[in-house]
Amino acid sequence: MSLFKRFKTMEGAEMDMDIDSVEKQDFGTDLLHGGRIGRDHLMSILDGIDREVEGLRKHAKKLQEKRDELNTRIDMLRTDFLIPKIDDMDQEEMHFHLKRVNDRLQTVNINVHTIRDDSQVESVHVINNLIDEVIKFGDPIEKRKKCQQYLNSCSSSETAFSEEGSSTVLIDKKFEIHLLSCNLDDQKLIRKRLEALMMYMMKQMVSE
């Protein structure tokens, strides 16, 4: 079996997600026939809808994470040092297949809006700017160190490791203060963004 067929077979099993598993509630015959319903019955219906909405949001977030994971895996396959040493014809076929898969993935757009107060909006804005500044660093060593400090700030444990492997915990206080002001969903997304950035920089270091 070729590399491309194996890749396709593995993907098929992982992408089998059933939206019908989200909880559903029957509205009852009272509403269907225009009957009057009591307050408790109405609140029960609203509670059921609320649970369905939360289930839908969780399902959409999982799909978002799956899409991001597939993006990362495609990027890794594009990286020269991960591409198998194959002849030019097979390499051309691989790049064509990767492009086709990536183009299909880009047609999937999932957006779950996070509800934030003014303080949380400001904190997310500041943190995104701080990460953008790190990306623009010219010195790759300083870039990795700063990214590691931000990751340490995201750690829930009392110990974290620096790039050199020591047990000294180096965090960025400004980053940590704004991170703690964000809601939990944003904190998870920020950590994932930093982990992806660190992975990319480590791949660059290995390929140099």
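Bear in mind the structure is a predicted one, so any value in this text is a computation, not a measurement.

Asker: Teacher, can you tell me more about helix α6 (residues 140-154) here?
Answerer: For an α-helix, the turn length of 3.6 residues means that residues three or four places apart are oriented alike. Between its terminal C-alpha atoms α6 stretches 21 Å, which fits the 21 Å expected from 15 residues at 1.5 Å a residue. The complete set of buried residues in α6 reads Lys143, Arg144, Cys147, Gln148, Tyr150, Leu151, Asn152, Ser153 and Cys154. The residue sitting at the N-terminus of α6 and contributing the capping side-chain oxygen is aspartate 139; that oxygen lies 2.9 Å from the backbone nitrogen of isoleucine 141.

Asker: What's the story with the packing of helix α5 (residues 118-135) against α6 in this structure? I'm lost.
Answerer: The description of two helices packed together rests on the angle between their axes and the distance between the axes. α6 packs onto α5 with a crossing angle of 155 degrees between their chain directions and a minimal axis gap of 9 Å. It follows from the interaxial angle that α5 and α6 lie roughly antiparallel. For the element pair α5 and α6, the recorded crossing hand is left-handed. Every residue of α6 that contacts α5 at Leu130, Ile131, Val134 and Ile135 is listed here: Lys143, Lys146, Cys147 and Tyr150. Across the contact of α5 with α6, the residue classes break down as six nonpolar, no polar and two charged.

Asker: Please clarify how the environment of leucine 170 should be interpreted in this entry.
Answerer: As for its placement among the helices and strands, leucine 170 is situated in the loop between α6 and α7 (173-181). By relative accessible area, which is 41% here, leucine 170 ends up partly exposed. C-alpha separation for the pair leucine 170 and lysine 146, spaced 24 residues apart in sequence, amounts to 9.3 Å. Among residues more than four places away in sequence, those in contact with leucine 170 are Gln149 and Asn152.

Asker: Hey, could you run me through the pattern of salt bridges in this one?
Answerer: Close approach of charged atoms allows side chains of opposite charge to pair. Taken as a whole, this structure holds eight salt bridges when the rule is applied. Put simply, arginine 191 and glutamate 195 hold a salt bridge, and the shortest N to O gap is 3.1 Å. Separated by four residues within a single helix, arginine 191 and glutamate 195 lie in helix α8 (residues 184-207), roughly one turn from each other. Classification of arginine 191 as partly exposed rests on a relative accessible area of 33%.

Asker: Please explain the side chain of asparagine 102 as it appears in this structure.
Answerer: Positionally, asparagine 102 belongs in helix α4 (residues 88-105). Its relative accessible area of 12% is what places asparagine 102 among the buried residues. Setting aside residues up to four positions removed in sequence, asparagine 102 forms contacts with Asn71, Ile74 and Arg78.

Each value, and the rule that gives it
Residue positions are given per chain, counted from 1 along the sequence in the order it is written. Two thresholds apply to this predicted model, a pLDDT of at least 70 for residue-level local features and 80 or more for giving and counting side-chain atom pairs, whereas whole-chain, interface and lining totals are computed over all residues. As a rule here, side-chain values cover all heavy atoms of the structure and leave hydrogens and water aside. Secondary structure elements are defined from DSSP: runs of H or I of at least 4 residues count as helices, runs of E of at least 2 residues count as strands, and each element is numbered from the N terminus. To estimate how far a helix should extend, the number of its residues minus one is multiplied by 1.5 Å. The classification of residues rests on relative accessible area computed with a 1.4 Å probe and restricted to protein chains. Under 20% of the type maximum is buried, over 50% is exposed, and intermediate values are partly exposed. In the analysis that follows, any N or O atom pair within 3.5 Å is treated as a polar contact, provided that within protein one partner can donate a hydrogen and the other can accept it, and provided that, for residues neighboring in sequence, both atoms belong to side chains. Every angle, taken between N-to-C directions, lies between 0 and 180 degrees, and every axis is a line fitted to C-alpha atoms, over only the stretch in contact when it is a helix. Roughly parallel refers to an angle under 35 degrees, roughly antiparallel to one over 145, roughly perpendicular to one between 65 and 115, and oblique to any angle outside these ranges. By definition, any crossing whose near helix is turned counterclockwise from its far helix by less than a right angle is left-handed, and any crossing with a clockwise turn is right-handed. Pairs of residues are marked as contacts when any of their non-hydrogen atoms sit within 4.5 Å. All amino acids are sorted into three groups, where Ala, Val, Leu, Ile, Met, Phe, Trp, Tyr, Cys and Pro are nonpolar, Asp, Glu, Lys and Arg are charged, and the leftover types, Gly among them, are polar. We define a salt bridge as a side-chain nitrogen of Lys or Arg found within 4 Å of a carboxyl oxygen belonging to Asp or Glu.

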